[in-house]
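Chain by chain, the residues run as shown.
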Amino acid sequence: KRKFADVTIRCEHHAIEANACVLAASPVFEKMLRSSMTEGSTRVIEVDDFAANVVEGFLELLYTGTCTSTASWGDMLLMADKYQSDGVIKICLAIMQSTLSVETVAPYFGVLNKLCHFEDVKSAQEEMWSKVKC
C-alpha cells in the first residue's frame, strides 16, 4: 500500500493505489486528473487494456526507475507509449536490449515494430538487430 495515495487505478478486479504527483510524470495521466473528466473528479482511472501485473510494473518504474515485476517488458513498453511516459520508455528499451535472447527476440521485435515511429525505439531496434545478426 502506498502512503498518501490519492488515486486508484482499477484493472482486472484490482484496485491499485497511486499518487497523482507521480502519475503526473505521464502527460496523459496528468490531463486526466486535472480535467473535469470522470478521472479528475472521482480520482479513479480505469485501465482495461493491460493486465494488472503490467500496470503494477509500469507504476514501479514510474516510482523507482526499476521493476521487480514478472510482467512483459514489451507490454510495459506499450503502456508507457500509451501514457506518453518517455522515462519509462527509455528504461524498457534499455532492459529489452540487455535481456535480448532467443526466447525474447520475437516478442520484443513484435512490440518494437508497433512503435517504430519513435527515434529511441528505432535506435534500440537497430542495436538489437545488430546483436541478432551476429
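Structure: see above.
The sections below set out a description of the structure shown in this document.

**Structural notes on the packing of helix 4 (residues 52–64) against helix 5 (residues 73–82)**
At a minimum axis separation of 9 Å, helix 4 and helix 5 run at an interaxial angle of 70°. Taken as axis vectors, helix 4 and helix 5 run roughly perpendicular relative to one another. The way helix 4 lies across helix 5 gives a crossing that is right-handed. Here helix 4 contributes Val-54, Val-55, Gly-57, Phe-58 and Leu-61 to the contact with helix 5, which in turn contributes Trp-73, Asp-75, Met-76, Met-79 and Ala-80. The residue inventory of the contact of helix 4 with helix 5, partitioned by class, reads 8 nonpolar, 1 polar and 1 charged.

**Notes on the side chain of Glu-60**
Its place among the elements puts Glu-60 in helix 4. Setting aside anything within four residues of it in sequence, one finds Glu-60 in contact with Arg-2, Gly-65, Thr-66, Cys-67, Thr-68 and Ser-69.

**A few points about the pattern of salt bridges**
What the rule picks out here adds up to 5 salt bridges. With a closest N to O distance of 3.3 Å, Glu-46 and Arg-10 form a salt bridge. Taken together, the residues Glu-46 in strand 3 (residues 44–46) and Arg-10 in strand 1 (residues 7–11) connect sequence positions 36 residues apart. Owing to a relative accessible area of 41%, Arg-10 belongs among the partly exposed residues under this scheme. Two residues, Asp-120 and Lys-90, come together in a salt bridge whose shortest N-O distance is 3.8 Å. On the criterion of sequence distance, the pair formed by Asp-120 in helix 8 (residues 119–133) and Lys-90 in helix 6 (residues 86–98) is long-range, its members being 30 residues apart. What makes Asp-120 partly exposed here is its relative accessible area of 38%.

Definitions and cut-offs
Residues numbered from 1 in each chain as written. Predicted model: local features only at pLDDT ≥ 70, side-chain atom pairs only at ≥ 80, totals over all residues. Heavy atoms only, no water. Axes fitted to C-alpha atoms, helices over the stretch in contact; angles between N-to-C directions. Helix = DSSP H or I, 4+ residues; strand = E, 2+ residues; numbered from the N terminus. Parallel < 35°, antiparallel > 145°, perpendicular 65-115°, else oblique. Left-handed = near helix turned anticlockwise from the far one by under 90°. Contact = heavy atoms within 4.5 Å. Nonpolar A, V, L, I, M, F, W, Y, C, P; charged D, E, K, R; others polar. Salt bridge = Lys/Arg side-chain N within 4 Å of Asp/Glu carboxyl O. Buried < 20%, exposed > 50% of the residue type's maximum accessible area, 1.4 Å probe, protein only.

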